[in-house]
Amino acid sequence: MTYQATLFLRYSVRFLAVAFAFTFVVRGFSFAFLPEFVAESVALSKQMTSGYMGLLLIPLLGAYFCLNRAKGLELLGVLLGTGLLSSAFMLVKTTIPSLVPFWADPMFAEMDLMLFGGLHGYEWAHGLTPNLSPVWVAIIYMPVWVALMLLFPAFVVVLERDEGRKARYLKLYFYMWLWLGLLTATVFSSAGPVFYDRLLGGQDFAGLPESLAAVGLDITGVTRLQEGLWRVYEMDGGQQLRGGGISAFPSMHAAMATLWAGYLVERSRWLAPIGLSFLAVILYLSVYTGWHYAVDGIASAAAMGLVCAAPAILRRFRGRDTPSFGKSAA
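Keep in mind that this is a model prediction, so the values were computed, not measured. (Residues numbered from 1 in each chain as written. Predicted model: local features only at pLDDT ≥ 70, side-chain atom pairs only at ≥ 80, totals over all residues. Heavy atoms only, no water.)

Q: Quick question: what am I supposed to make of the overall build of the protein chain here?
A: Check the secondary structure of the protein chain and you find 15 helices and 0 strands. C-alpha extents for the protein chain along the principal axes are approximately 60 × 50 × 40 Å. Counting over 330 residues, the protein chain shows a buried share of 49%. Accessible surface, the protein chain as shown: approximately 15300 Å² in total, 68% of it carbon and sulfur. Here the protein chain holds 23 positive side-chain charges and 20 negative ones, and the gap between their average locations is 17 Å. (Helix = DSSP H or I, 4+ residues; strand = E, 2+ residues; numbered from the N terminus. Buried < 20%, exposed > 50% of the residue type's maximum accessible area, 1.4 Å probe, protein only. Areas by Shrake-Rupley, 256 points an atom, 1.4 Å probe, with all protein chains shown as cover. Lys, Arg positive; Asp, Glu negative; His and termini not counted. Charge placed at Lys NZ, Arg CZ, Asp CG, Glu CD.)

If you want it as structure tokens, here you go:
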């Protein structure tokens, strides 16, 4: 197993240990979260080893172990690391409302009104494209995005021959979840348009359920997941002991799509349009589904885009190659 894959796995194991201890302390030295954590971890493992993902990963692992054992171990390492990182992230994410109650929604809603000329983001999007297929919206925004999110480290390990770039993107993937998904999400604790009125009262987003129904999203997995997250949140007064996790800013959908776009742009000018198109679609669907304020995705894309472009920017200003992000830098 290469140094980068080993490092990624070690970081993920350490983060899981820290996340477990952190959650235990924040929840009043209680293990009440443990049953749901185990259930979600098992569900994630099944998702990565069965269905369409299993059909891809298991034969790929088998082929590598037969033909290139070192590469097979490297791939197995990042897959294990991805699973552990995802479980740890969800564990800590559920504590956000306990640490910092949702406060930033009015600010982000006002930004959207300014951005869209007095309209909420979903109103603008539903008016712009009222005839999008709700089935395809749900497929792209949920299972397709989830698969690409979980497979990104494996994709980099399998196809990347530049050890410096491989190390850099594995680190970007890891720290994206920590700095954006947890730290920034805690500081700017927000729930999103679909939960706005339920949390804050009033009728600011009273038209959202009707608008979601008008474009057909009320019968898709998007709305079912939204309602499921709300039931979990209500069940124990916002403690989210049964998993889930409500958090709007920043949009990890957009952050992950930007990471893909940044990597594909850096790899090939032929792949660049694919990555950038995927990013544009995810940004739009984040608003279209009512899950995010537009500023959630814009901020995430800007932050990840800047980080991905940092080596090229540094080279331009320094007029020479930047130091390696490989083993020596780690």
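Don't stop here, the text continues.
Q: How should the pattern of salt bridges be read in this particular structure?
A: Between side chains of opposite charge, a pair can form as their charged atoms come close. For the coordinates displayed, the defined rule picks out 7 salt bridges. The salt bridge partner of R165 is E266, with a shortest N-O separation of 3.6 Å. Placement of the pair is R165 in helix 9 (residues 163-187) and E266 in helix 13 (residues 252-267), with a sequence separation of 101 residues. The partner of E266 in a salt bridge is R168, with the nearest N and O atoms 2.4 Å apart. (Salt bridge = Lys/Arg side-chain N within 4 Å of Asp/Glu carboxyl O.)

Q: Help me understand the nonpolar core, please; the structure alone is not making it clear to me.
A: Within soluble globular proteins, side chains that are nonpolar tend to cluster in buried spots. Among the nonpolar cores identified, the biggest contains 86 residues, and F152, Y173, M176, W177, M256 and L259 are the most heavily contacted of them. Sequence-distant contacts of F152, defined by excluding residues within four places in its chain, comprise Y169, Y173, M256, L259, W260 and Y263. (Core = buried A, V, L, I, M, F, W, Y, C linked by side-chain atoms within 4.5 Å. Contact = heavy atoms within 4.5 Å.)

Q: Would you explain the packing of aromatic side chains in this entry?
A: Think of a pair of aromatic rings as described by two things: how far the centres are apart, and how the planes are tilted against each other in angle. Considering all chains together, one arrives at 33 aromatic pairs under this definition. Taking the centre distance of 5.6 Å and the plane angle of 85° together, the rings of F24 and F29 count as edge-to-face. With relative accessibility at 21%, the residue F24 sits in the partly exposed group. Classification of F29 as exposed rests on a relative accessible area of 59%. Here the aromatic rings of F152 and Y173 are separated by 5.9 Å at their centres, their planes lie at 15°, and the arrangement is stacked. Here F152, found in helix 8 (residues 134-159), pairs with Y173, found in helix 9; they are 21 residues apart in sequence, far enough to count as distant. What links up through ring pairs into an aromatic cluster is the set F8, F89, F152, F155, Y169, Y173, W177, W260 and Y263. (Phe/Tyr/Trp six-rings, centres within 6.5 Å; stacked < 30°, edge-to-face > 60°.)

All we've got here are geometric facts, nothing functional implied.
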